[in-house]
Amino acid sequence: MVWTGTWVAERLGVELIGDEELPALLGLALRRNPKRAHLLVSSVLGKHVPQRPSVVYGSGLDLGRRVRALLGDEEAARSVVLGYAETATALGHAVADGLGLAPYLHSTRRPVAGVARAGGFEESHSHATSHLLLPEDPKLLAGDGPLVLVDDEFSTGNTVLNTVRVLHERYPRDRYVVVALVDMRSAADLGRLDAFAAEIGARVDLISGAAGTVRLPEGVLEKGQALVAEHETAYEPTDATREPGAAPVRVALGWPAGIPDGGRHGFTPEHRATLEAALPAMADRLAEALRDLPAAKEPSTAAPATGAPATQGPADPAPAPPAGPRVLVLGFEELMYAPLRLGTALEDAGHDVRYSTTTRSPVLAVDDPGYAIRTRLVFPAHDDPADGPGDRYAYNVAGAGFDAAVVVIDSTADTPALHAPDGLLAQLAAHIPRVVLAVVPSYAPSTPYTPQDSDSEAPERSSMLPEPLRGPAFSSYAPEEVGWLLQDLSDVELEAPTEEREEAIQSGGAHYAESLPVEYQPSARYQELFHSALESSAARIARAVGTVTETVLAERPGRGPVLVSLARAGTPVGVLMRRWAAVRHGLDLPHYAVSIVRGRGIDANALRWLAAHHDPADVVFVDGWTGKGAITRELADAIKAFEAAEGVTGFDPEIAVLADPGSCVRTYGTREDFLIPSACLNSTVSGLISRTVLRADLVGPDDFHGAKFYRELAGADVSNDFLDAVAARFDEVTGTVDTDVKELLSTDRTPTWEGWAAVERISEEYGIHDVNLVKPGVGETTRVLLRRVPWKILAKRGADADLAHVRLLAEQRGVPVEEVDELPYSCVGLIHPRFTRGATGADGKAVVSQ
């Protein structure tokens, strides 16, 4: 039999090494992913490859029985099983069934109104990273018994470590058991679990069905991406020539009242006993809808036959299939357990059944026996997902010779989109003669959480806040690089001419955060300056990134920082710090971007979200640079007010910055005032995200602040060019960084506020009498020239190397540049102190007051 990883292995040089049963358990496919192009496709999971339900369920049961044997009955009865969405929800549930004595909960990507979050964590390699924990009983995770974490594949350990770190801080316990169908860690990752266990002072065991690793040759990611690009354009995802099939038949299952549809809110052994008793009758109702179908026909060559190696595991001896029609039971994304158990009940009744589920994960399909994903159906999401509309997929279904499909969904997903002409049911009907629809009622917790119900730390309001926005739906950054705790105002007209904004701001008629400046689009000459500046300063920036990151880590031994950048100037710095921590230490640090507005404070709802998902003591606020320190003071005041109002403590108002020329903070990469190329541009170097917006008619008291995603500027976007250019210099600066950090940690870094004193002096000396109109440093001066109405620029004599772009912008806007001595910054931008629209000439350039 041909191994279903052959096609990828031959083209990429990928090798599967390990236990002899691995080729029967795993095939290979390709996907579009910036971190890992190949995908391990399980033949016994029931996600991408249709498999006999008894094999899928049996794989999890066996693992659960091994966990029970490891723990003993007493500890097993004190344990909780946690599975991962979306792929391992049924696997985790089957492990809990094998354990027999423990309640089950799986993470979810579907927020549920009225249910408070007991936690959340990130899965950085996934196509959709944020996981929520929404138990009906807030105390479910609060016990001190063993926590059993179940995933289909244990590859790097990052997901499990992220989960344990988050939960251990809130609900510490002495023992964890990690369960996976396959343990595919590399040699470099083998020791991480033990080291982490020692770090938190707990025992961590690992149980897997098989073990091995994937050997990847040099350049495999680029080769894989090229293969995906080549074959995606050639592949037709659905057979458009097929005639529409018959209308689906709806079957009333008789799902037992009060039994959850899965483990999203918790599932107890008592629930399982009730479900087991009801399964035969539900299977009979489905079987009635399948009567009078012809005997099974041979599958077409467009997909693997259901008896092929791709659908067999080591426990699958492939007996002769029962006589009668070949039936597919198709589950829906996270809803895997209910359809799986209906499938096992049909199989127990003598039917020829295979089981798989739809998925959010985009995978390339190639019609080759040596490839794990032979066909795919593509259809729109039909459950009103929190992250917006998008494509969903069903793999190895078309052309597999099924006579009937039983589609099992929850009632939340039974929407018009499901029944639309391009929806899932129509797609299936074009390939399968009979489609049966069975709807399981979506479980609604009977007692919505209120703060007095338990000692849970999750504030009630946090359950109503949306999940962070992520690229590519919001920003041009990869989804794992940053989560934006903002609301998307892209469809709102917020831009106003610079002169109108300046007059309104200075007259007190409007706050600067209530509108946006028109996005500056650089000339060809200015773009050349940006790229030249990036090339010449990349190593210098990399050194500062490394220094500030290592300082942050050194000041928090044994803890995992949560990077929270101040949007938007801090966001590229936060991304680079995250990359440095990953490259140097193998850390996968969470990173979010939040809004802070001078005079209005930080986004309180963002702080609530952070407090609900992380320990506030782990939060490290990040910005690009300091000017006079206004934001530093703003943040300290805002945190103090927030903690007094909310009763949440632990946030450190200290800001970590790349450059601190004003001597306003303790944690910095350098105190030199030098050119940071990300300050040269606006959204096109910041993920195409605008400056943040706070306006009463758009942002309510319980809303995140807003921002716009300028998708239309994608052609001019250099955000990732900037990040990649700096990250490429990490290796060459590591030695210097280590020296810098050693010196910094032994130095008195107490802020002197030298910059603030200089700003006050300049404000009086030039007759401005308003420190808010004095913008010190290269970054702030650039902002003045791009967004405000500048009056004049003060340039430190001899600082020409960092000021070429400043001089060019000043020339374009007709702003004089005055050379001065004794300036603690490379330059200072002065905003016109008495601005009206009459203060600009006919050509729109600033007029200097005499």
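Residues numbered from 1 in each chain as written. Predicted model: local features only at pLDDT ≥ 70, side-chain atom pairs only at ≥ 80, totals over all residues. Heavy atoms only, no water.

Colleague: Would you mind showing me how to read the pairing of strand E8 (residues 147–154) here?
Modeller: Strand residues, when the strand is regular, have side chains that alternate between the two faces of the sheet. Counting buried positions over the 8 residues of E8 gives 8, a clear majority of the element. Examined bridge by bridge, strand E4 (residues 80–83) and E8 share 4 bridges and lie parallel to one another. For Val80, the partnering residue across the bridge sits in E8 and is Leu147. Pairing of E8 with strand E9 (residues 175–183), which is carried by 7 bridges, proceeds in the parallel orientation. Looking at the pairing, Leu149 lines up with Val178 of E9. (Buried < 20%, exposed > 50% of the residue type's maximum accessible area, 1.4 Å probe, protein only. Helix = DSSP H or I, 4+ residues; strand = E, 2+ residues; numbered from the N terminus. Pairing = 2+ DSSP bridges.)

Colleague: Would you explain unusual backbone geometry in this entry?
Modeller: With the exception of glycine, most residues fall at negative phi, and the peptide bonds are largely trans. Cis rather than trans, the peptide bond between Gly471 and Pro472 has omega equal to 0°. Within the fold, Pro472 resides in the loop between strand E17 (434–440) and strand E18 (483–484). Ala567 connects to Arg568 through a cis peptide bond whose omega is 0°. With respect to the helices, strands and loops of the structure, Arg568 is situated in the loop between strand E22 (562–566) and helix H15 (570–585).

Colleague: Just checking my understanding: could you explain the pattern of salt bridges for this structure?
Modeller: One pass over the full model with this rule turns up 41 salt bridges. Its salt-bridge partner being Asp144, residue Arg78 comes within 2.6 Å of it at the nearest N-O pair. Of this pair, Arg78 sits in the loop between helix H4 (73–77) and E4 while Asp144 sits in the loop between strand E7 (130–133) and E8, and the two are 66 residues apart along the sequence. One salt bridge in this structure joins Arg264 and Glu334, with 2.9 Å as the shortest N-O distance. Highlighted residues: Arg264 in the loop between strand E11 (249–251) and helix H9 (269–290) and Glu334 in the loop between strand E12 (326–332) and helix H10 (337–348), separated in sequence by 70 residues. Like Glu334, Arg264 is buried. Each of Glu555, Arg556, Arg666 and Arg749 takes part in one network of salt bridges that share partners. (Salt bridge = Lys/Arg side-chain N within 4 Å of Asp/Glu carboxyl O.)

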